[in-house]
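Analysis of the macromolecular model
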Amino acid sequence: MDPTHATMKTPLGRARGLGAARAGTETFWHQRLTSVAGVPLTIAFIVIVIALLGRNHAAAVQILGSPLVAILMLLFIINTVYHMCIGMQEIIVDYVHDEMWKYLALMANTFFGFAVALTSTYAILKLSFGV
Amino acid sequence: MADTKARVARPLSPHIQIYRFMLTYVMSGVHRVTGAALYFGIVLVVWWLMAAVSGPNAYAKVQWFMGTHIGRLVVLGFTWGLIHHTLGGIRHLIWDTTHGFGPNEREWLARATIAGSISLTLIVWIVGYLVMGGAE
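This structure is a prediction, so every number in the text was calculated from the model and none was measured.

Per the secondary structure count, chain A includes 5 helices and 0 strands. When the helices and strands of chain A are read in sequence order from the N terminus, they spell out α-α-α-α-α. Counting all 131 residues of chain A, 20% fall into the buried class. Here the contacts in chain A between residues at least 6 apart in sequence split such that 67% fall between residues at least 24 apart.

Our next topic: the overall build of chain B. Along its length, chain B carries 5 helices and 0 strands. Counted from the first residue to the last, chain B has its helices and strands arranged as α-α-α-α-α. Principal-axis analysis of the C-alpha atoms gives chain B an extent of 65 × 45 × 25 Å. Counting across all 136 residues of chain B, residues that qualify as buried make up 19%. Residue pairs at least 24 apart in sequence account for 69% of intrachain contacts in chain B once pairs closer than 6 positions are excluded.

Counting residues in hydrophobic clusters, the biggest one holds 29 residues, and the most contacted among them are A:Leu64, A:Met84 and B:Ala52. Other than its neighbours up to four places away in sequence, A:Met84 contacts B:Gly35, B:Leu38, B:Tyr39 and B:Ile42.

Below, the discussion takes up the confidence of the model for chain B. Residue and element names in this part refer to chain B. Mean pLDDT for chain B: 91, with 91% of residues reaching 70 or above. Of all the helices and strands in chain B, helix 1 (residues 2-9) carries the lowest mean pLDDT, 58, while helix 4 (residues 69-96) carries the highest, 97. Among the prediction metrics, the complex's ipTM stands at 0.86, with pTM recorded as 0.86.

Following the sequence through the fold, B:Val75 ends up in helix 4. In sequence terms B:Val75 and B:Leu44 are 31 residues apart; their C-alpha atoms lie 9.0 Å from each other.

In this section: the interface of chain B and chain A. Listed by partner, the interface residues are 27 residues for chain B and 27 residues for chain A. Counting residues per element, the side of chain B that touches chain A draws most heavily on helix 2 (residues 23-54) of chain B, which supplies 12 residues. Residues of the side of chain B that touches chain A, tallied by class, amount to 20 nonpolar, 4 polar and 3 charged.

Further remarks concern the packing of helix 4 (residues 67-95) of chain A against helix 2 of chain B. To describe two helices that pack against each other, one gives the angle between their axes and the distance between the axes. Interaxial distance between helix 4 of chain A and helix 2 of chain B falls to 10 Å at its minimum, and their mutual angle equals 125 degrees. Of the possible angle classes, the one that applies to helix 4 of chain A and helix 2 of chain B is oblique. In the crossing of helix 4 of chain A with helix 2 of chain B, the sense of the turn from one axis to the other is left-handed. On helix 2 of chain B, the residues that touch A:Thr80, A:Met84, A:Gly87, A:Met88 and A:Ile91 of helix 4 of chain A are B:Arg32, B:Gly35, B:Ala36, B:Leu38, B:Tyr39 and B:Ile42.

Let us look at the packing of helix 3 (residues 57-65) of chain A against helix 5 (residues 99-129) of chain A. All names here are of chain A. Put simply, helix 3 and helix 5 touch, their axes get as near as 8 Å, and they point 100 degrees apart. For the element pair helix 3 / helix 5, the angle class is roughly perpendicular. Residues Val61, Leu64 and Gly65 of helix 3 lie in contact with helix 5, whose contacting residues are Ile124, Leu127 and Ser128. Partitioning the contact of helix 3 with helix 5 into residue classes produces 4 nonpolar, 2 polar and no charged.

About the thresholds
Residues numbered from 1 in each chain as written. Chains lettered and ligands numbered in written order. Predicted model: local features only at pLDDT ≥ 70, side-chain atom pairs only at ≥ 80, totals over all residues. Helix = DSSP H or I, 4+ residues; strand = E, 2+ residues; numbered from the N terminus. Buried ≥ 20, exposed ≤ 12 C-beta atoms within 10 Å, placed from the backbone. Contact = placed C-beta atoms within 7 Å. Core = buried A, V, L, I, M, F, W, Y, C linked by C-beta atoms within 7 Å. pLDDT = per-residue confidence, 0-100. Nonpolar A, V, L, I, M, F, W, Y, C, P; charged D, E, K, R; others polar. Axes fitted to C-alpha atoms, helices over the stretch in contact; angles between N-to-C directions. Parallel < 35°, antiparallel > 145°, perpendicular 65-115°, else oblique. Left-handed = near helix turned anticlockwise from the far one by under 90°.

And the structure:
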């Protein structure tokens, strides 16, 4: 028997499952999830930046390294990077039609996201643990 | 060559330049443009965090740059972009609930987003200057 027909499910049934399980529209859903989380986290980020304005290095390090601020900054960075990479992926597939350039752009997008997320995480953790 | 000419002669689907100006489609574009700008703007945040890790000299450099006219302008743009994209996002979340699609509602949402982003940016900067004045 043809393996693609080894299931009793109809094609419509399979597509339905993907939608209802929130897996078929995963990217769309994750963009919503990160946008909802992004609202309070962005407010927190702005408040943190304002609290650091005009302070010298020692004071800034102390505030950024304190538990609540560090955790909020980590959440903000990770959430924002994930959200912005989905967004840039959307822009790339909209405008870059050449297959070669499209895949290069998508790879660059992923590399940039990991670089931003890991560099920021490293910095925040180093400030928190003071090593 | 003949093929190319035949391709050019084909009717093309109309693009935005033939439509009457609508605030809602401009807002759609602005949402995308601010998102893309913030994508690259986050490098400033990374620079700032790495400077804090690197030491007082590196941190002083960031503070110097943010104090220049260009630096201030970039940070002002970043602030407005971040707030505008956040409010635009809330607008999209409202639409996700199937509300706010009426002709008056969508126009009102577009205007509220612009008014909100400009006034909130002003408030954030006024508070910022007050905080800076207090810290010095």
